[in-house]
Amino acid sequence: MNIYNHISFRTTLVASLVLAGAIVAALQAQTKAGDERLTVNTDLVTLSVSVTNADGRAVTGLDKSAFTVFDNKAPQEIRFFSDEDAPASIAVVFDTSGSMSGRKIARAKEALADFIQTGHERDEYFLIDFDSQARLLVDRTRDGDALLRKLTYVEPQGNTALYDAVYLGIDKVMRGVYQKRAIILVSDGEDNDSRYSFNELRRSLKESDVTIYAIGVSTNFLPRKGALNGREILEELASVSGGKTFFPNSSSEMIKAFERIALELRHLYSIGYRPSSLARNGEWHHVKVKVVPTVGSPRLFVRSREGYYANARLSANQQQR
């Protein structure tokens, strides 16, 4: 099984079972002792939703009634809602190709240290760097200092396999232990040495529930005839996943960008619903989340993944003993 099919399979499984455990437990408690088997339909879609104000700061304290979810324009009943400050599985994907100077790496490493300090104490991390190939440097750790130590010895060189590195990042966080899954991508957005194409990577993101936060480290994104430039690539990857891009011009701006990402991850809203109309035909379902403005914040900005493919989903059968 190649990585593309593996990610697609895991995406279907995770999107189906993320809330099934809680449902099974609740129904088990109500099941009489003589029952033989409990069958639960788990055709659930889960969303990680960011709400920010005009200053880009996370808006907290909203309740379920503030949210409306549309699936192919049809309003949906929200079955699960949480604003818990829960830990996340995070892959830091770091560009160490020849286009990255030692100064850029040093600035990003300094900002990453602040990100780790601001994040949840139980966050788990994966560290991936890439030049002409993607490498897993740290595999699943809660020790943020381990990431910083590994980055001390990297030397920028070679071509750029950005798409392959993000693919690897998706694969790793989908194996993570937490429902919140994110990739922090530090790069200039250029790719010239990947096996996978931009469209393949974009499709994989649309099938996953992984959010990409991109830090663009270049101030000179060259136009590309008939193709996206580095800035546009970073913006598109973040947008399709419900994430955000930052283009800091200084060390202080980079630190601020990392801090905002850390705080947003801690204040994501988790929403689950069962589509009112779902044919398991593999077709794309567009999802839109709207939020009622709050007093003092007449305009709120809402981000989540753009939708999902209606693949065949699994049901959970729980044996009752």
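It should be noted that the structure appears before, not after, this text.
Let us look at the structure shown here. Quick caveat, the model's predicted, so the values are computed rather than measured. (Residues numbered from 1 in each chain as written. Predicted model: local features only at pLDDT ≥ 70, side-chain atom pairs only at ≥ 80, totals over all residues. Heavy atoms only, no water.)

## Some details on the sheet that holds strand S2 (residues 45-52)
Two strands in a sheet stick together by hydrogen bonds in their backbones, pointing the same way (parallel) or opposite ways (antiparallel). Strand order in the open sheet formed by four strands is S5-S12-S2-S14, with antiparallel pairing between adjacent strands. Each of the sheet's edge strands pairs with one partner strand only, and the pair in question is strand S5 (78-82) and strand S14 (301-303). Neighbour-to-neighbour, the strand axes of this sheet turn through a mean angle of 25°, independent of strand direction. Pairing of S5 with strand S12 (residues 269-273) involves four bridges; the strand directions are antiparallel. (Pairing = 2+ DSSP bridges. Helix = DSSP H or I, 4+ residues; strand = E, 2+ residues; numbered from the N terminus. Axes fitted to C-alpha atoms, helices over the stretch in contact; angles between N-to-C directions.)

## A word on the packing of aromatic side chains
The tally for this structure, following the rule as stated, stands at seven aromatic pairs. When the ring of Phe115 is compared with that of Phe258, the centres are 6.0 Å apart and the planes differ by 75°; the resulting orientation is edge-to-face. Taken as a pair, Phe115 in helix H3 (residues 102-118) and Phe258 in helix H8 (residues 251-266) lie far apart in primary sequence, 143 residues in all. The burial state of Phe115 is the same as that of Phe258; both residues are buried. Every member of this aromatic cluster is reached through a ring pair, and the members are Phe67, Phe81 and Tyr269. Against the face of Phe247 rests Arg231, its NZ or CZ located 3.8 Å from the ring centre. The ring centre of Phe246 lies 5.7 Å from the NZ or CZ of Lys244, which sits over that ring. (Phe/Tyr/Trp six-rings, centres within 6.5 Å; stacked < 30°, edge-to-face > 60°. Buried < 20%, exposed > 50% of the residue type's maximum accessible area, 1.4 Å probe, protein only. Lys NZ or Arg CZ within 6 Å of the ring centre and 35° of its normal.)

## A few points about unusual backbone geometry
For Asn72, which is not a glycine, the phi torsion comes out positive at approximately 50°. For Asn72, the location among the structural elements is in the loop between strand S3 (67-71) and strand S4 (74-76). On the basis of relative accessible area, Asn72 is assigned to the partly exposed category, the value being 41%.

## Considerations on the sheet that holds strand S13 (residues 284-291)
Spatially, the four strands line up as an open sheet ordered S4-S3-S13-S15, and their pairing is antiparallel. What marks the edges here is a single partner per strand, and that holds for S4 and strand S15 (307-309). On average, each strand axis in the sheet is tilted by 30° relative to the strand beside it, whichever way the strands run. Two strands pair when backbone bridges link them, and S3 and S4 are joined in this way by three bridges, in the antiparallel orientation. Each residue of the ladder has a partner; that of Asp71, found in S4, is Ala74. Each of S13 and S15 touches helix H6 (residues 198-207); the most contacted strand, S15, lies at about 100° to it. (Contact = heavy atoms within 4.5 Å.)

## Things to note about H3
Spanning 17 residues, H3 covers 25 Å between terminal C-alpha atoms, matching the ideal 24 Å at 1.5 Å per step. For H3, the complete set of buried residues consists of Ile105, Arg107, Ala108, Ala111, Leu112, Phe115, Ile116 and Thr118. Along its buried surface, H3 packs onto strand S6 (88-95), strand S7 (124-130), helix H4 (144-151), strand S9 (180-187) and H8. (Expected span 1.5 Å × (residues − 1).)

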